[in-house]
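Structural features, examined
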Amino acid sequence: MDFFYTYIVLAEIYVLLGLSTNLLVGIVGIFSVSQAAVFGVGAYLTAFLVMQTSTPFLVAVLLSSILCIGLNILVTLPSLRVSGDYFVVTSFGIQLLATAVFTNWTGGTGGANGLPGVPAPWIAGHEFVEPSEFAVLATGGMALGCIAFWLIMRAPFGALLRAIREDELAVAALGKSVLRAKVSAAALAGAFAGSAGGLYASFLSFIDPSSFDLDASIFLLTMVVVGGARTLAGSVIGPFVLLALPQILALIDIPSSVAAAARQLIYGLLLIAFMLFRPQGLLGEKL
Amino acid sequence: MSAYLQVEGLNKSFGGLQALRDCSFTVAQGRITCLVGPNGAGKTTIFNAITGFLVPDTGHVTFQGISLDGRTSQQIVRHGIARTFQNLRLFVDLTARANVLAGMQDHVGEEPFTAIFRPFHTARALAAKQDAAMAVLAHVGLAAQADMLVRNLSYGEQKLLCIARILATGAELLLLDEPTSGLSGAALSDVMALLRRLQAEGKTLLVVEHNTRVVQQIADDVLFLHQGHLIAQGAPADIIADPKLAEIYFGGAI
Ligand SMILES: Nc1ncnc2c1ncn2[C@@H]1O[C@H](COP(=O)(O)OP(=O)(O)OP(=O)(O)O)[C@@H](O)[C@H]1O
Ligand SMILES: [Mg+2]
């Protein structure tokens, strides 16, 4: 049963990341390949706060989200200066930089060996240790994220973001600030990624840089491609489908080293196949 | 007395090419002023300079006595000037209604905080704006197309929607870049009728127009631009009758 709940919790955490990536890449059209870096900062900060300063879990996650709001604004700012293709390169650089920090700052992150012993969340005298218990928290977090996403997409803010994706110049000609809208979207994406990080660190109780590297960022993009861009349903289904894959591979009796390689192979094939044959993903729109 | 819109001594060079040279003119309130001139004369560049899309090398733009120098395109819309684009630039994957809504100002929930934390307030305000957007669409004759994707509208409908979208901003002075180009027959007369109607409602129009018959029928004043310089200004009949201008206009085209 833990096996099942672990899958649910991880998928729900990745839904928050899917919302974050979809908002930035799918909706605004800022092609970021460094969302895992922001996710990582949220995870490490929450771990630090609860381990070193005994900050309560919810406060730690909130603070991590706030830091990631600022951080995500900072890392997406270059997209306002350099256009499309060039931003991907910039964003790539940001991701590499983050990985270098996560791996080498042994004092803060435990370096490549990782950071063990992140305590399970305590809320109102209750400890959420078992995956089935944690699932309650993760479901709550995912629900809040989905509601927020749904609300902005049906509000004029969502309409403004869609318009910006189509034609920034036309938006400016209608008296709207493109800069403000993009910064707001980046802030929201940062909040999603930061809180996902906090949940992730507390759930696994062990984090290391491999969860927040370039592969992880590309995995987040794969979720959006497979799930579908710009829709809530797409952001939810992508993580559930992709995270089912390692679970299924684990059920088949093959060595774990082979399974890991097979997983990468299948993710790669899925990415290519969807881009070529179903660019709108399972339940979304064309990226 | 200052003019409604006053453009003074605009110069703009793109590398070696001087697109505007000491270009000055005025536009009177409540009138339809047509800006004419051969291809490459600098008509669109003037629009870009007035609306903050490019900064002229020298020169000033004054609207209702207020200097627009150094203002951003957003601020200029706030002052009551809006422009269309020669190549439309509609949001083609959105509906006609969404395009008009995008033009409307002061939406509640156009930033995430209000959208998330005051959802009912946002929804109520949006419902009210929907009605206003429908009214704008009905005004230009596109009520039936409100929920169609723009990419599925006819070219004539798209041209009307461009005007609807800037009308939605509430602007008083409308700069229309070739609103009739590519149109004929009923679609052409629809746009011309709309322009007259807007004038009757008190809007001021500055219109880039190539079709001399259209100019003759709708213009109160004509500005003739040649190589970035205003070389003539007057009533449409006088400008069109001038053989020197006809030579420049048609000589260059052939
Ligand atoms: N951003 C730019 N960079 C370089 N050259 C430009 C730019 N914008 C305009 N030009 C040049 O300036 C000149 C005037 O262009 P403009 O678009 O204003 O002409 P126009 O009168 O609108 O012509 P048309 O009737 O063809 O629309 C042209 O030679 C054009 O190539
Ligand atoms: Mg032009």
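Residues numbered from 1 in each chain as written. Chains lettered and ligands numbered in written order. Predicted model: local features only at pLDDT ≥ 70, side-chain atom pairs only at ≥ 80, totals over all residues. Heavy atoms only, no water.

Quick look at the overall build of chain B now. The secondary structure content of chain B amounts to 10 helices and 10 strands. Taking 18 Å as the expected radius of gyration for a compact globule of 254 residues, we find that chain B reaches 19 Å, a close match to that expectation. The principal-axis extent of the C-alpha atoms belonging to chain B is close to 60 × 40 × 35 Å. Out of the 254 residues belonging to chain B, those deemed buried represent 51%. Sequence-distant contacts in chain B: of pairs separated by 6 or more residues, those separated by 24 or more amount to 68%. The average position of the 20 basic charges and that of the 22 acidic charges among the side chains of chain B differ by 4 Å. (Helix = DSSP H or I, 4+ residues; strand = E, 2+ residues; numbered from the N terminus. Rg over C-alpha atoms; globule rule 2.2 N^0.38 Å. Buried < 20%, exposed > 50% of the residue type's maximum accessible area, 1.4 Å probe, protein only. Contact = heavy atoms within 4.5 Å. Lys, Arg positive; Asp, Glu negative; His and termini not counted. Charge placed at Lys NZ, Arg CZ, Asp CG, Glu CD.)

Looking now at the site of ligand 1. All names here are of chain B. Close contacts around ligand 1 come from 13 residues, with Gly42, Lys43, Thr44, Thr45 and Gln86 the closest. One of the side-chain nitrogen or oxygen atoms of threonine 45 is found 2.5 Å away from an oxygen atom of ligand 1. Taken by itself ligand 1 offers 630 Å² of open surface, and the protein chains cover 62% of this. Listed by contribution, the elements that provide at least two residues to the shell around ligand 1 are β2 (17–27) and α1 (43–50). Top contributing element to the shell around ligand 1 by residue count: α1, with three residues. A class-by-class count of the residues in the shell around ligand 1 yields four nonpolar, seven polar and two charged. (Near = heavy atom within 4 Å. Polar contact = N/O pair within 3.5 Å; in protein donor to acceptor, adjacent residues only side chain to side chain. Areas by Shrake-Rupley, 256 points an atom, 1.4 Å probe, with all protein chains shown as cover. Nonpolar A, V, L, I, M, F, W, Y, C, P; charged D, E, K, R; others polar.)

In this section: the sheet that holds strand β7 (residues 173–177) of chain B. Residues and elements named next belong to chain B. Pairing is mixed across the open sheet formed by six strands, whose spatial order is β6-β7-β8-β3-β9-β10. Either end of the sheet is taken by a strand with one partner, and the two such strands are β6 (81–83) and β10 (229–234). Averaged over neighbouring strand pairs, the angle between their axes works out to 20° when direction is ignored. In this sheet, strand β8 (residues 204–208) lies alongside β7 in parallel orientation, the contact comprising five bridges. Considered in β8, the bridge of leucine 174 is made with leucine 205. This element, helix α6 (residues 155–167), spans β6 and β7 of the sheet and lies at about 155° to β7. (Pairing = 2+ DSSP bridges. Axes fitted to C-alpha atoms, helices over the stretch in contact; angles between N-to-C directions.)

On to the pairing of β7(B). Residues and elements named next belong to chain B. Within β7, five of the five residues are buried, which leaves it mostly tucked inside the rest of the structure. Covered by surrounding structure in β7 are Leu173, Leu175 and Asp177 together with Leu174 and Leu176, the residues of both alternating faces. Handedness of the crossover joining β7 and β8 through helix α7 (residues 185–200) is recorded here as right-handed. (Right-handed = clockwise from strand over helix to strand, strands pointing away.)

Here we take up the packing of aromatic side chains. Scanning all chains against the criterion turns up 17 aromatic pairs over all chains. When the centroid spacing of 4.8 Å and the interplanar angle of 45° are considered together, the rings of Phe113(B) and Phe117(B) count as tilted. With Phe113(B) and Phe117(B) both in helix α4 (residues 112–117) and four residues apart, the pair spans about one turn of that helix. The burial state of Phe113(B) is the same as that of Phe117(B); both residues are exposed. A connected cluster of aromatic rings, assembled from ring pairs, spans Tyr14(A), Phe39(A), Tyr44(A), Phe102(A), Tyr200(A), Phe212(A), Phe219(A) and Tyr267(A). A cation over a ring is seen here: Arg89(B) above Phe85(B), with NZ or CZ 5.4 Å from the ring centre. (Phe/Tyr/Trp six-rings, centres within 6.5 Å; stacked < 30°, edge-to-face > 60°. Lys NZ or Arg CZ within 6 Å of the ring centre and 35° of its normal.)

All names here are of chain B. Look at helix α3 (residues 96–103) against helix α5 (residues 119–140): their axes get within 9 Å of each other, and the N-to-C directions meet at 110°. One way to sum up the angle between α3 and α5 is to call them roughly perpendicular. When α3 is examined against α5, the residues Ala96, Arg97, Val100 and Leu101 are found in contact with a partner set consisting of Leu126, Lys129, Gln130, Ala133, Met134, Val136 and Leu137. Partitioning the contact of α3 with α5 into residue classes produces eight nonpolar, one polar and two charged. (Parallel < 35°, antiparallel > 145°, perpendicular 65-115°, else oblique.)

Bringing the packing of helix α7 (residues 131–154) of chain A against helix α8 (residues 156–166) of chain A into the picture now. Axis angle and axis distance: for two packed helices, these are the angle between their axes and the distance between the axes, and together they describe the pair. Residues and elements named next belong to chain A. Put simply, α7 and α8 touch, their axes get as near as 4 Å, and they point 70° apart. Considering their axes alone, α7 and α8 lie roughly perpendicular with respect to each other. Note on element contacts: α8 touches α7 through Pro156, Phe157, Gly158 and Arg162, opposite Ile152, Met153 and Arg154. Residue composition of the contact of α7 with α8, by class: four nonpolar, one polar and two charged.

The subject of this paragraph is the side chain of Lys159(B). Take Lys159(B): it is sitting in helix α6. Here Lys159(B) occupies a buried position and makes no salt bridge, while the nearest side chain of opposite charge, Glu178(B), is found at 6.3 Å. (Salt bridge = Lys/Arg side-chain N within 4 Å of Asp/Glu carboxyl O.)

Attention now goes to helix α1 (residues 2–28) of chain A. All names here are of chain A. The terminal C-alpha atoms of α1, which comprises 27 residues, lie 38 Å apart, in line with the 39 Å expected from a rise of 1.5 Å per residue. The largest bend in α1 is about 40°, located at asparagine 22. Among the 27 residues in α1, 22 count as buried, and that is most of the element. At the C-terminal side of α1, glycine 29 shows a positive phi close to 85°. (Expected span 1.5 Å × (residues − 1). Bend = angle between axes of the 7 residues up to and from the residue.)

This next bit is on the coordination of the magnesium ion (ligand 2). Residue and element names in this part refer to chain B. The coordination sphere of the magnesium ion (ligand 2) contains the protein donors Thr44 (OG1) and Gln86 (OE1), at a distance range of 2.0 to 2.2 Å. Linking threonine 44 in helix α1 with glutamine 86 in the loop between β6 and α3, this pair joins segments that are 42 residues apart in sequence. With relative accessibility at 26%, the residue threonine 44 sits in the partly exposed group. (Donors = N, O, S within 2.8 Å, 3.2 Å for Na, K, Ca; no water.)

This paragraph deals with the environment of Leu188(A). By the secondary structure assignment, Leu188(A) is in helix α10 (residues 178–204). Residues Leu188(A) and Leu269(A), spaced 81 residues apart in sequence, show a C-alpha to C-alpha distance of 31 Å. Sequence-distant contacts of Leu188(A), that is, excluding residues within four places in its chain, are made with Leu23(A), Ile152(A), Pro112(B) and Ile116(B).

Another aspect to go through is the domain arrangement of chain B. Residues and elements named next belong to chain B. The domain architecture assigned to chain B consists of domain 1 (1–80 + 171–254) and domain 2 (95–164). When domain 1 packs against domain 2, the two sides together hide about 950 Å² of surface, and 62% of this comes from carbon and sulfur. On the domain 1 side of the contact with domain 2, Arg78, Leu183 and Leu194 bury the most area, a combined 38% of that side's loss. At the surface where domain 1 touches domain 2, the tally comes to one salt bridge. Here aspartate 106 makes a salt bridge to arginine 78, at a shortest N to O gap of 3.2 Å. For the interface between domain 1 and domain 2, the tally reads six residue pairs in polar contact (both at pLDDT 80 or more). Mapped by element, the contributors of at least two residues to the side of domain 1 that touches domain 2 are α2 (73–78) and α7. With seven residues, the top contributor of residues to the side of domain 1 that touches domain 2 is α7. (Domains from an automatic or database assignment. Buried area = accessible area lost by both parts, 1.4 Å probe.)

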